[in-house]
Amino acid sequence: MRVHTRLDSPYGPLTLVASDGTLCGLYMTEQRHRPPEETFGAPDDTPFTETVRQLNAYFAGEITEFDLPLHLDGTPFQRRVWSELQRIPYGETVSYGQLADRIEAPGASRAVGLANGKNPISIIVPCHRVVGSTGSLTGYGGGIARKRRLLDFERGVSGSGATEPDALF
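What you see is a predicted model; the values in this text were computed from it and never measured.

A closer look at the overall build of the protein chain
Secondary structure assignment for the protein chain yields five helices and six strands. Along its sequence from the N terminus, the protein chain presents helices and strands in the succession β-β-β-β-α-α-β-α-α-β-α. Based on the C-alpha atoms only, the size of the protein chain along its principal axes is roughly 40 × 40 × 25 Å. A total of 169 residues make up the protein chain; the buried ones form 45% of that total. Excluding contacts between residues fewer than 6 apart, the proportion of contacts in the protein chain whose partners are at least 24 apart in sequence is 59%. Element-wise, carbon and sulfur atoms account for 50% of the exposed surface of the protein chain, whose accessible area totals about 8,500 Å². Counting 17 positive and 20 negative side-chain charges, the protein chain places the averaged centre of each group 7 Å from the other.

Given below as structure tokens:
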């Protein structure tokens, strides 16, 4: 059974979705590959207490890693990519090609990019930490401006802190 709740964040409203009590989705407004609202289930805050606590601590700069059970529904290849995303350290980036190498699929950087774009649990599964081969900010389901802000926030770049008003929305 699926349920959802909404959380205001410095990066705009987030929709959290749980399946049988386990987080299976974290979607931003206007996110590419965002499922239709009717698939999120009924509103219910109950299963999200710890997720909300950890997200708020992340946005406050108090934690750099999440410790939550996740249900990542995708193909075996997508799940390999999403698992590897969780190994990218806070404040660091890797290229799509490097990520392909890490999952032992050299030359599959485009496929990695497609899987990255379909990540159902953004921020917690940090797809924003993947960049182009030259370090350029390419593709992000939540938009390049959000990707830049998340990376700047994690790197401690002045003027990008999560506590600042969000001028993007």
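Concerning the pattern of salt bridges
If you walk through the whole model with that rule in mind, you get six salt bridges. Residue glutamate 50 is joined to arginine 53 by a salt bridge in which the shortest nitrogen-to-oxygen separation is 2.6 Å. One end of the pair is glutamate 50 and the other is arginine 53, both in helix α1 (residues 49–59) and three residues apart, which spans about a single turn. With a relative accessible area of 35%, glutamate 50 lands in the partly exposed category. Here arginine 129 and glutamate 154 are joined by a salt bridge, their closest N and O atoms 2.9 Å apart. One end of the pair, arginine 129, is in the loop between α4 (109–117) and β6 (130–131); the other, glutamate 154, is in helix α5 (residues 144–155), and 25 residues separate them in sequence. The buried category is assigned to arginine 129, whose relative accessible area is 5%. Each of the salt bridges in this network shares a partner with another, and the network as a whole consists of Arg6, Arg34 and Glu37.

Focus: the side chain of glutamate 84
For glutamate 84, the position within the fold is in helix α2 (residues 76–85). The exposure class of glutamate 84 is buried, given its relative accessible area of 11%. Excluding its chain neighbours within four sequence positions, the residues that come into contact with glutamate 84 are Leu99, Arg102 and Ile103.

What to know about the layout of surface pockets
Put simply, the largest pocket is a space of about 310 Å³. Tyr96, Gly113, Leu114, Asn116 and Gly117 are, among the 19 residues lining the largest pocket, the residues nearest its centre. The greatest single-element share of the lining of the largest pocket, amounting to six residues, is contributed by α4. Looking at the lining of the largest pocket residue by residue, the class counts come to four nonpolar, twelve polar and three charged.

A short note on the packing of aromatic side chains
With the rule as written, the count across this model stands at six aromatic pairs. With centroids separated by 5.7 Å and ring planes inclined at 45°, the aromatic side chains of tyrosine 11 and phenylalanine 59 adopt a geometry described as tilted. One end of the pair, tyrosine 11, is in the loop between β1 (2–7) and β2 (14–19); the other, phenylalanine 59, is in helix α1, and 48 residues separate them in sequence. For the pair tyrosine 11 and phenylalanine 59, one class covers both residues: buried. Centroid distance tyrosine 58 to phenylalanine 153: 5.6 Å. Interplanar angle 75°. Geometry classified as edge-to-face. Of this pair, tyrosine 58 sits in helix α1 while phenylalanine 153 is found in helix α5, placing the two residues 95 residues apart along the sequence. Both residues of the pair, tyrosine 58 and phenylalanine 153, belong to the buried class.

Here we look at the side chain of glutamate 154
Glutamate 154 sits in the buried class, given a relative accessible area of 6%. A polar contact of 2.9 Å, which involves the side chain of glutamate 154, links it to the side chain of histidine 128. Reaching out from glutamate 154, the side chain makes a polar contact with the side chain of arginine 129 at a distance of 2.9 Å. Setting aside anything within four residues of it in sequence, one finds glutamate 154 in contact with Tyr58, Tyr90, Gly91, His128 and Arg129.

Notes on the environment of leucine 150
In this fold, leucine 150 is placed in helix α5. Taking the C-alpha atoms as reference points, leucine 150 and arginine 87, separated by 63 residues in sequence, lie 17 Å from one another.

Rules used throughout
- Residues numbered from 1 in each chain as written.
- Predicted model: local features only at pLDDT ≥ 70, side-chain atom pairs only at ≥ 80, totals over all residues.
- Heavy atoms only, no water.
- Helix = DSSP H or I, 4+ residues; strand = E, 2+ residues; numbered from the N terminus.
- Buried < 20%, exposed > 50% of the residue type's maximum accessible area, 1.4 Å probe, protein only.
- Contact = heavy atoms within 4.5 Å.
- Areas by Shrake-Rupley, 256 points an atom, 1.4 Å probe, with all protein chains shown as cover.
- Lys, Arg positive; Asp, Glu negative; His and termini not counted.
- Charge placed at Lys NZ, Arg CZ, Asp CG, Glu CD.
- Salt bridge = Lys/Arg side-chain N within 4 Å of Asp/Glu carboxyl O.
- 1 Å grid on protein atoms, 1.4 Å probe; cavity = no way out; pocket = protein on both sides within 12 Å on 5 of 7 lines; lining within 4 Å.
- Points joined across faces, edges and corners; volume = space filled by probe spheres on them.
- Nonpolar A, V, L, I, M, F, W, Y, C, P; charged D, E, K, R; others polar.
- Phe/Tyr/Trp six-rings, centres within 6.5 Å; stacked < 30°, edge-to-face > 60°.
- Polar contact = N/O pair within 3.5 Å; in protein donor to acceptor, adjacent residues only side chain to side chain.

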